[in-house]
Amino acid sequence: MSQKQPDSTLIEYVEVGTLTTHPRNARDGDIGAIITSIQKNGWFGTVVAQKSTRYILAGNHRFQAARQLGMTHVPVFWVEC
């Protein structure tokens, strides 16, 4: 059985100020360590966000680190769930 490949247009660079961390995110990440990693290695991957609410579903702490680093845009993979 073949799987449907995600539409590459679902990924775009999005202005940081237009996204919101999910209010029910229970995780507590080490944002300082993530900042250090981004500074040393660069940004890898995407933030996963719900298109209709603009809530971040995965990558809340990476997003917060990006904001603290003064990044203006982050890559977002949009989903609707």
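Here goes a summary of the coordinates provided. (Residues numbered from 1 in each chain as written. Predicted model: local features only at pLDDT ≥ 70, side-chain atom pairs only at ≥ 80, totals over all residues. Heavy atoms only, no water.)

Each helix and strand counted, the protein has two helices and five strands in total. Listed by position from the N terminus, the elements making up the protein come as β-β-α-β-β-α-β. Among the 81 residues that make up the protein, the fraction classed as buried is 26%. If you take every contact in the protein between residues at least 6 apart in sequence, the share linking residues at least 24 apart comes to 81%. (Helix = DSSP H or I, 4+ residues; strand = E, 2+ residues; numbered from the N terminus. Buried < 20%, exposed > 50% of the residue type's maximum accessible area, 1.4 Å probe, protein only. Contact = heavy atoms within 4.5 Å.)

Our focus in this paragraph is the sheet that holds strand E5 (residues 73–79). If you trace the five strands from one edge of the open sheet to the other, you get E1-E5-E3-E4-E2, paired in mixed fashion. Edge positions in the open sheet fall to strand E1 (11–15) and strand E2 (20–21), since each of these has one partner strand only. Sheet topology places E1 next to E5; five bridges connect them, and they run antiparallel. Looking across to E5, one finds that isoleucine 11 is bridged to phenylalanine 77. Helix H2 (residues 60–68) contacts E2, strand E3 (47–50), strand E4 (55–58) and E5 of the sheet and is inclined by roughly 125° relative to E4. (Pairing = 2+ DSSP bridges. Axes fitted to C-alpha atoms, helices over the stretch in contact; angles between N-to-C directions.)

Bringing the pairing of E3 into the picture now. In this structure, E3 lies alongside E5, joined through four bridges in parallel fashion. Each bridged residue has a counterpart across the sheet, and for valine 48 the counterpart in E5 is phenylalanine 77. What sits between E3 and E4 in their antiparallel hairpin is a turn of four residues, with arginine 54 showing a positive phi close to 65°.

Once that is clear, we can look at helix H1 (residues 31–41). Residues of H1 that are buried include every one of Ile31, Ile35 and Ile38, and no others. Axial view of H1: buried residues confined to an arc of 65°, hence all on one face. Buried residues in H1 make contact with H2. Remark: glycine 42 follows H1 within two positions and exhibits a positive phi of approximately 85°. (Arc of directions from axis to C-beta.)

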